[in-house]
Amino acid sequence: MAAAAPRPLRLLRAAVRSPWCGFALRRTWRLVVSLAALVTAAFAMIHLIPGDPVRAALGTTADPALVAARRHALGLDQPLLHQYGDFVGHLLQGRLGDSIGAQMPVSQIIATRLPATLEIAVPAFWLILLLAIPVGMTAAVLTKDGRRRRGELAFTTVTGVLGAVPEFLLAVGLVAAFAVALPVFPVASQSGPASYVLPVLALTVVPAATLSRIVRVETLRVLGEDYMRTARAKRLPARLRYLRHALPNLLTSSLTLGGLLFSSLLAGTVLVEHVFAWPGLGTTIVQAITEKDYPLVQGVVLVYGTAALLITFAVDVAVAVADPQSTVRGS
Amino acid sequence: MSQETRSPQARPREAGTAPRHRRAHTLRTPVGVTALTGCLLVALVAVLGPVLLGTRAARIDTDAINQASSAAHLLGTDNLGRDIAARVVVATRLTLELTLLATAIGTVGGLLLGVAPAVLGRRAGRLITATVGVLVAFPGLLFLLFLATVFGVGSTGAVWAVGLAMVPPTARLVQNLTASVAGADYVAAARILGVGRCRLVVRHLLPNIAEPSVLYATQAAGGILVAFSGLSFLGLGVQPPQYDWGRLLNEQLNRIYVNPVAALAPGLAVVLTGLMFGLVGEALAQAGGRRAPRPRPAAPRRAVTPAREAAADTVPDAADGSLVQVRDLRVTFPGGRHAVRGISLGIGAGEAVGLVGESGSGKSLSALALADLVPHPGRTGARTLRFDGHDLRADPRLGTSLAMVFQDPMAALNPALRVGRQLAEVAEVHLGATRAQAAARAADRLGAVRIPAPERRARQRPHEYSGGMRQRAVIAMGLMGQPKLIIADEPTTALDVAVQQQVLDLLAEVRADSGAALLLISHDLAVVAQVCERVLVMYAGLIVEDLPVTELARGAAHPYTRALVGAVPTMTTDPGTPLATIPGRPPEPGEDGGGCSFAPRCDRARERCHAAAPELAGFGTGRRVACWYPVGTTAGASAVTTSPEGETAS
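Here, residues in each chain are numbered from 1, in the same order as that chain's written sequence. Whichever chain is written first is A, and whichever ligand is written first is 1; the rest continue in order. The predicted nature of this model means local features are confined to residues of pLDDT at least 70 and side-chain atom pairs, given and counted, to a pLDDT of 80 or more, with totals for whole chains, interfaces and linings taken over all residues.

K.L.:
How would you sum up the UniProt feature "domain: ABC transmembrane type-1" (unreviewed entry) in chain A? Please name residues and give values.
P.N.:
UniProt feature "domain: ABC transmembrane type-1" (unreviewed entry): in the numbering of this structure it lies at residues 114-319 of chain A. Here residues 114-319 of chain A runs as 84% helix and 0% strand, with 28 Å between its end C-alpha atoms. UniProt positions are given in the numbering used here, feature names are shortened, and annotations may be inferred rather than shown by experiment. Helical segments are the DSSP runs of H or I of at least four residues, strand segments are the runs of E of at least two, and each set is numbered from the N terminus.

K.L.:
Residues and numbers for the domain arrangement of chain B, please.
P.N.:
These domain limits were set by an automatic method or by a database of domain assignments. Its domain assignment divides chain B into domain 1 (19-287), domain 2 (316-532) and domain 3 (550-650). Here the C-alpha centroids of domain 1 of chain B and domain 2 of chain B sit 57 Å apart.

K.L.:
Describe the packing of helix α7 (residues 140-151) of chain B against helix α8 (residues 155-182) of chain B, with residues and values.
P.N.:
Residue and element names in this part refer to chain B. Where α7 contacts α8, the axes come no closer than 8 Å and their chain directions differ by 145°. Relative to α8, the crossing made by α7 is right-handed. Only G157, A158, W160, A161, V162, L164 and A165 of α8 make contact with α7, whose side of the interface consists of G140, F143, L144, L147, A148 and F151. We call Asp, Glu, Lys and Arg charged. Ala, Val, Leu, Ile, Met, Phe, Trp, Tyr, Cys and Pro are nonpolar, and the rest, Gly among them, are polar. Class assignment of the residues belonging to the contact of α7 with α8 gives a composition of eleven nonpolar, two polar and no charged. Axis geometry follows a simple rule: fit a line to the C-alpha atoms, using only the stretch in contact for helices, then measure angles between N-to-C directions, giving values from 0 to 180 degrees. For any pair of crossing helices, the crossing counts as left-handed if the nearer helix is rotated counterclockwise from the farther one by less than a right angle, and right-handed if it is rotated clockwise. Here contacts are defined at the residue level, using C-beta atoms placed from the backbone and a cut-off of 7 Å between them.

K.L.:
An account of helix α5 (residues 84-119) of chain B is needed here, citing residue identities and associated values.
P.N.:
A helix is expected to span 1.5 Å for every residue after the first. When the terminal C-alpha atoms of α5 of chain B are compared, their 51 Å separation across 36 residues agrees well with the 52 Å that a helix rising 1.5 Å per residue should span. Here the bend at a residue means the angle between the axes of two seven-residue stretches, the one that ends at it and the one that starts at it. At A91 of chain B, α5 of chain B shows its strongest bend, of approximately 30°.

K.L.:
Can you break down helix α11 (residues 245-253) of chain B residue by residue, with the values?
P.N.:
Put plainly, a residue is buried at 20 or more neighbouring C-beta atoms within 10 Å of its own, exposed at 12 or fewer, and partly exposed in between, counting only other residues' C-beta atoms, which are placed from the backbone. Burial analysis of α11 of chain B places nine of its nine residues in the buried class, the great majority of the element. Listed as buried for α11 of chain B are W245, G246, R247, L248, L249, N250, E251, Q252 and L253 of chain B. Those residues of α11 of chain B that are buried are in contact with α8 (167-181) and α11 (238-276) of chain A together with α5, α10 (197-233) and α12 (260-287) of chain B.

K.L.:
Pulling in residues and values, what's your account of the nonpolar core?
P.N.:
Among buried residues, those of type Ala, Val, Leu, Ile, Met, Phe, Trp, Tyr and Cys that are joined through C-beta atoms within 7 Å form a set called a nonpolar core. Counting residues in hydrophobic clusters, the biggest one holds 162 residues, and the most contacted among them are A171 and V172 of chain A together with L142, L144, L147, A148 and V162 of chain B. The greatest single-element share of this core, amounting to 15 residues, is contributed by α11 of chain A. Every residue in contact with L144 of chain B, bar those within four places of it in the chain, is listed here: A161, V162, A165, A227 and L231 of chain B. In terms of nonpolar packing, the next biggest core, distinct from the first, is built from 105 residues, A412, A488, Y560 and C602 of chain B among them.

K.L.:
Would you mind going over the interface of chain A and chain B in detail, with residue names and values included?
P.N.:
Facing 61 residues of chain A, the contacting portion of chain B comprises 56 residues. Listed by contribution, the elements that provide at least two residues to the side of chain A that touches chain B are α2 (19-48), α7 (149-164), α8, α10 (226-233), α11, α12 (281-290), α13 (294-322) and α14 (324-329) of chain A. Tallying contributions element by element places α11 of chain A first for the side of chain A that touches chain B, with twelve residues. Tallied by class, residues from the side of chain A that touches chain B come to 39 nonpolar, 13 polar and nine charged.

K.L.:
Tell me about the confidence of the model for chain A, and name the residues and values.
P.N.:
pLDDT is defined as a per-residue confidence score from the predictor, taking values between 0 and 100. Here chain A averages 82 in pLDDT, and 92% of its residues register 70 or above. No element of chain A has a lower mean pLDDT than α14 of chain A, which averages 55, and none a higher one than helix α6 (residues 106-143) of chain A, which averages 90.

K.L.:
Go over unusual backbone geometry with me, naming the residues and quoting the values.
P.N.:
Residues and elements named next belong to chain B. Residue P240 is joined to P241 through a cis peptide bond whose omega torsion reads 10°. The topology assignment puts P241 in the loop between α10 and α11. Phi is positive for D328, which is not a glycine, with a value near 60°. Considering the arrangement of structural elements, one finds D328 in strand β1 (residues 324-333). Of the residues examined, D328 has 17 C-beta atoms within 10 Å and is grouped as partly exposed.

K.L.:
Residues and numbers for the confidence of the model for chain B, please.
P.N.:
Residues and elements named next belong to chain B. The predicted model of chain B averages 78 in pLDDT, with 84% of residues at 70 or higher. When the criterion is pLDDT under 50, residues 291-319 qualifies, and its contacts beyond four places in sequence or with other chains add up to 33 contacts. Note that residues 634-650 has pLDDT below 50 and, in this model, 20 contacts with residues that lie over four places away or in other chains. The ipTM for the predicted assembly is 0.83, set against a pTM of 0.77.

K.L.:
Give me the lowdown on the UniProt feature "transmembrane region" (unreviewed entry) in chain A, citing residues and values where you can.
P.N.:
All names here are of chain A. What UniProt calls "transmembrane region" (unreviewed entry) maps, in this numbering, to residues 31-49, 120-142, 154-182, 194-215, 250-272 and 301-322. Between the end C-alpha atoms of residues 154-182 there is a gap of 27 Å, over a span that is 90% helix and 0% strand. Taken end to end, residues 301-322 comprises 100% helix and 0% strand; its first and last C-alpha atoms sit 31 Å apart.

K.L.:
Any details on the environment of A427 of chain B? Residues and values, ideally.
P.N.:
All names here are of chain B. Secondary-structure assignment places A427 in helix α16 (residues 419-430). In this structure, the C-alpha to C-alpha distance between A427 and A442, residues 15 residues apart in sequence, is 8.4 Å. Those residues in contact with A427 that sit more than four places away from it in its chain are A433, Q437, A438, R441 and M480.

K.L.:
Requested: an account of the sheet that holds strand β12 (residues 617-618) of chain B, with residues and values cited.
P.N.:
All names here are of chain B. Between any two strands, pairing holds if DSSP finds at least two bridges. In space, the eight strands of this open sheet follow the order β7-β8-β9-β3-β10-β11-β13-β12, with mixed pairing throughout. Strands at the two margins of the open sheet, each flanked by one partner only, are β7 (402-405) and β12. Two elements, β12 and strand β13 (residues 624-625), share two bridges in a ladder whose sense is antiparallel. Note that in β13 the partner of G618 across the bridge is R624.

K.L.:
Mind laying out the packing of α8 of chain A against α11 of chain A, listing which residues take part and the relevant values?
P.N.:
Residues and elements named next belong to chain A. At a minimum axis separation of 9 Å, α8 and α11 run at an interaxial angle of 30°. Classified by the interaxial angle, the pair formed by α8 and α11 is roughly parallel. For the element pair α8 and α11, the recorded crossing hand is right-handed. For the pair α8 and α11, the contacting residues are E167, F168, A171, V172 and V175 in the first and G268, L271, V272, V275 and F276 in the second. Angular relationships are summarised with four words: roughly parallel below 35 degrees, roughly antiparallel beyond 145, roughly perpendicular across 65 to 115, and oblique for the angles in between.

This is the structure we're talking about:
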């Protein structure tokens, strides 16, 4: 039967049977399901709020006619399924409704605020990698085989304490130290390049400390593997052994474990932005929640949630490309 | 294994003795003491704070608005003139109450949701597992903000939001725990006996997951404290006139320029209390024996000094034309464990030598010592260690003249790098080849070990190779240069029989082509007999016999070699006869009675064998044996004064 099938069909079958395809299907399916859950949750949010969300947003003294008009504008007078269909339909066109407070399209508000968030989140992301990997690897090389017990203790203590400090408290500490006590950087708000330093640092230090611990443990594991002995048997210089033979192997496992750090980095921007009065999405959502501007909250939750899911997806794919073996084994 | 099969009722009885002792012990460790002190301190502040300082914290003083820190007001005053230090102390109670409340909600919710799949039917269980899986994919804070929107701004809403945000990760943990417990034999037994689902959960599942769950909840409480403070800090949690640490931080942040301590104090309180929760979790984990206490550092590594002092006699060996000269090679581990106890051997150029012995006899370590690859913390020492005319200790750079083939080809190649790359780098580093030259040579060498389509295969990674092909690739790696010696450590053990033969043929072929000598380590006498010319037999870290391979089958002089040969069934062995074994076990390293180490297992042993260890001494032409009473007769049995021939015949 299979032999009689036309060539493209056979190729397709072979492709479907390949582990890569299985992996891609599984991961894409997981992404789609999670996105669907996110959209549904964002839609459901406004209906889960006890009482009348429009009345709550406009205040108890609002004109009933105004409330009815706003309710109609939000589509809340329609049957639930109909509303859901509209919500998803509009979402696919990139329409997120209008903000109750600002009377502006939510998408427009997000478009103006998102860049500020990315401007601190993206540098923080790279800084975390650039700090954690060399620091973790160096610590592992220096403390392997139970050498330098005191250095090991110092490393684990410092990174442990740094990793336990919440980002926003670290941000407050940084402001007190480097903006008030030593007025090197501005206290808050987005201005010149100097104003980026403290927010980015506040986002970086905690995940970098945690990730460097992970990297150290992973490096120690990799250094004990047989193929590192092979590399030693080849009399390769230390530089090649660590950078070429150990790094790719520890990177994949570290990234798998550290993947969650990156999605929580995004959420961490909310608190850090609040400390620095940064005009990003984080301050927007906090303001929106306080003012009960539900369409705006919906929009920002969708943006954050989608970003988190995409980051997780990207990390999974990156790990799969770097370490095909784990993909073949299936996970 | 006994743990799986014993009934759960056996657990409490055991729990009475060892864990109680462990708990008492943990309380005395630094972590235990710190955790307990911290707990008491925080509890005391929470109980007494509002009673003692409540009025002071609430007193509005319009004459002292927004003051900096002073003797009267340690942390200054806020915009209503209230003392901030007192407010930080008083806020402890509300902060802890809300934290514990939210933790309780999260733990109960997590337990319910986590155990549900085990209680409900398969379909509902799957749905719950999938839902939890989706929820866990989102960052906690995002979920928290979502819930805060739904529950509205304020303390009550925040408690529910923070508590519920903890549910998915807790449920995930509980699901994993129940899944592992539910697979245990006693749960299966209970199920077969028809124990109801709810009873199963209460009697069997919950008691077994209680300990790790409590542990997790304690550590999660620290996270909850931070999350709640964050929410209050954002203005979404506790609302005035109530205040917790987060709210105080929120109020003081705007004045950080004027009075930074006022903003730092509540933050510090959050961090320290969070660390305390972490410590309590740590202490509980230790008490529960979940994490072994840090092992004592190993004995000082330099305590064992290998016999290196006699480095004077390198001169006489240099004249000897052999490729490898080793005298008195020792490998020691901390604590005085001698894995290799002073062996001497020589390998001529182009010679194939087999090194055989049981596992643990030190044969692999001897080979690794030759290649300077003894794993840490082992140390190598030798009186002479020469390879190709160089002292290995003075100039350990063996470069490309020594090739290693390891036992497990699955693990010996780097999974992240292309096979071609792993070969090519040898040429790049040691032969100064360019990248292109090296890549071409790598493909050429892969072809030389009969890997089909070598150019294409060189671009693949090890997982795309079969086991036999990987071993070929490792051999090809050794052939990148001009090896004079190939050390093959059990090269065929991990391969199936059909592939074993191919690899052995390849080794023989490579040797014929390159003229390299071979040191083949194996426990398989048949393999050694096929490939090698001379055999060294190791027992308990010593070479006990050195003989030509032609003598192995019939003419071995050492009783141990004889026993080894006797243990190999041949084609002519009657299938009905039981397999011959060597009674007893080899001595542990360091277990040295002073006599011959094989004596306890030897049926020829006499008093002398238990009293003194025989040296490896010449026995006939080109043979050596370490035995007081070797089997068989030879004219030049120099080590033997009274020939044991008579006994052997009878």
